[in-house]
Amino acid sequence: MDYDQVREVDPEVANALTNEVERQRSTLEMIASENHVSEAVLEAQGSALTNKYAEGYPGARYYAGCEYADVVEQLAIDRAKELWGAEHVNVQPHSGTQANMGVYIAMLEPGDKILSLELSHGGHLSHGHPANFTGKLYEVEQYEVDAETGYLDYDGIMEKAKAFDPDIIVSGYSAYPRVVEWEKIQEAADEVDAYHLADIAHITGLVAAGEHPSPVGIADFVTGSTHKTIRAGRGGIIMTGEEHKKAINSAVFPGTQGGPLMHNIAGKAVGFKEALQPEFKEYAAQTVKNAKVLGETLKDHGLSLVSGGTDNHLLLIDLRPSHPDTTGGDAEEALEEVGIILNKNTVPGETRSPFNPSGIRAGTPLLTTRGFDEEATRKVGDIIAKVVDNYDDDEVKAEAAGEVADLCAQFPLYE
């Protein structure tokens, strides 16, 4: 990845791109919403399709010259249908949030009611936060996880639904480490005659590989990101039944977006093909195994996990019981110094600011992409615990940085 053409035109950008590749190679990325895509996906996303306007859908475009754009988009659609078993798929959303917007615009009117999980309990901005368009356009009520267990309170969701009478219930989360029982949320939606939107942004790959139950065929709408655990081109996706096809397609274009990012859709198509291979199931299974081992290791070191562990690719660590004076920001900064990249995160019952909360969130998709197994992941857990315990000790951090460098060399990236 020399970026020779970029360097000839714009050395500053070329330097930044080269440095970013080196940053990814020389650090252990553990942000749960990220992944390392293959060089094939990178090449597709850097293709000449970036030049092409293709408003509309395959076979029904507003511009000429779309014959190859049609091929690529139809491949992405067909492969997505095979991966998730959906009747209708729209691969044009620019992001997971844009996918959610497509559903809201298609099915709701301004002022309609959304019931969703509260952000500090593991929800997402696009599910109804006041700073997001959803909180500005719709009336939002939110449910929470059980304060004692850290698990979703399905009885509480049913009670909230009956009291609030929402038009749509949102499930699927950005910081929930347990299996989601989609049928129970669907029961609440049926009880109040509401739509059910399952946002699987974080677990698209786990669902495709059978490592997490699928909401497809249960929820009315399933949205997701295509660059997280599914490891395809960056963007979003909407899956639904044939009865909602026209409304969803119209809401995406022309309702909320103009021309699709065809180069990103090419990256989605390539990534989806990779995910259809047997090796991807092994990858997804290993991602979950690594997350469980990471959780066990952190618990052995005395750290407290929300819900006590994980069933998927991520862990949410509440620092308050073991390190009451250490904030998520302190931990994130110290870990970044040694080459472990994760993020500070709010936790259920948050008592600090969202900008410097009481927890950290860690995921294993990127480590697993690099080839980490349980033994190597356990070493990462040891390092994390050591740094969190000694976040202001330069000698400890220097030792940890050396251990991270050794692991990066053992499991190289983009050779």
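Presented here is a report on the structure given in the accompanying data block. None of the values given here were measured: they were computed from a predicted structure.

**Here we look at the nonpolar core**
Of all hydrophobic cores here, the largest spans 57 residues; its most connected members are W84, L152, I169, I230 and F272. Secondary structure elements with two or more residues in this core: α4 (67-84), β5 (113-117), α7 (154-164), α8 (182-191), α9 (204-208), β10 (236-240), α11 (262-275) and α12 (278-300). The element best represented in this core is α4, accounting for seven residues. Counting 31 residues, the second largest nonpolar core, distinct from the first, contains L319, I383, A385 and V387.

**Quick notes on the sheet that holds strand β4 (residues 88-90)**
The mixed open sheet is built from seven strands, whose spatial order is β4-β10-β9-β8-β7-β5-β6. Because the sheet does not close on itself, it has two edges, and the strands there are β4 and β6 (139-143). Sheet twist, expressed as the mean angle between neighbouring strand axes with direction ignored, is 20 degrees. Here five bridges tie β5 to β6, and the two strands are oriented parallel to one another. Looking at the pairing, L115 lines up with E141 of β6.

**Some remarks on the pairing of strand β15 (residues 359-363)**
Burial within β15 is extensive, with five of its five residues counted as buried. On β15, burial covers both faces: G359, R361 and G363 on one face and I360 and A362 on the other are all buried. As judged from the five bridges shared by strand β12 (residues 314-318) and β15, these two strands associate in the antiparallel manner. The residue bridging I317 from the neighbouring strand is I360, located in β15. For strand β14 (residues 343-345) and β15, the ladder comprises three bridges, and the chain directions are antiparallel. Across the sheet, the residue bridging to N343 is R361, located in β15.

Thresholds, definitions, all that
- Residues numbered from 1 in each chain as written.
- Predicted model: local features only at pLDDT ≥ 70, side-chain atom pairs only at ≥ 80, totals over all residues.
- Heavy atoms only, no water.
- Core = buried A, V, L, I, M, F, W, Y, C linked by side-chain atoms within 4.5 Å.
- Buried < 20%, exposed > 50% of the residue type's maximum accessible area, 1.4 Å probe, protein only.
- Helix = DSSP H or I, 4+ residues; strand = E, 2+ residues; numbered from the N terminus.
- Pairing = 2+ DSSP bridges.
- Axes fitted to C-alpha atoms, helices over the stretch in contact; angles between N-to-C directions.

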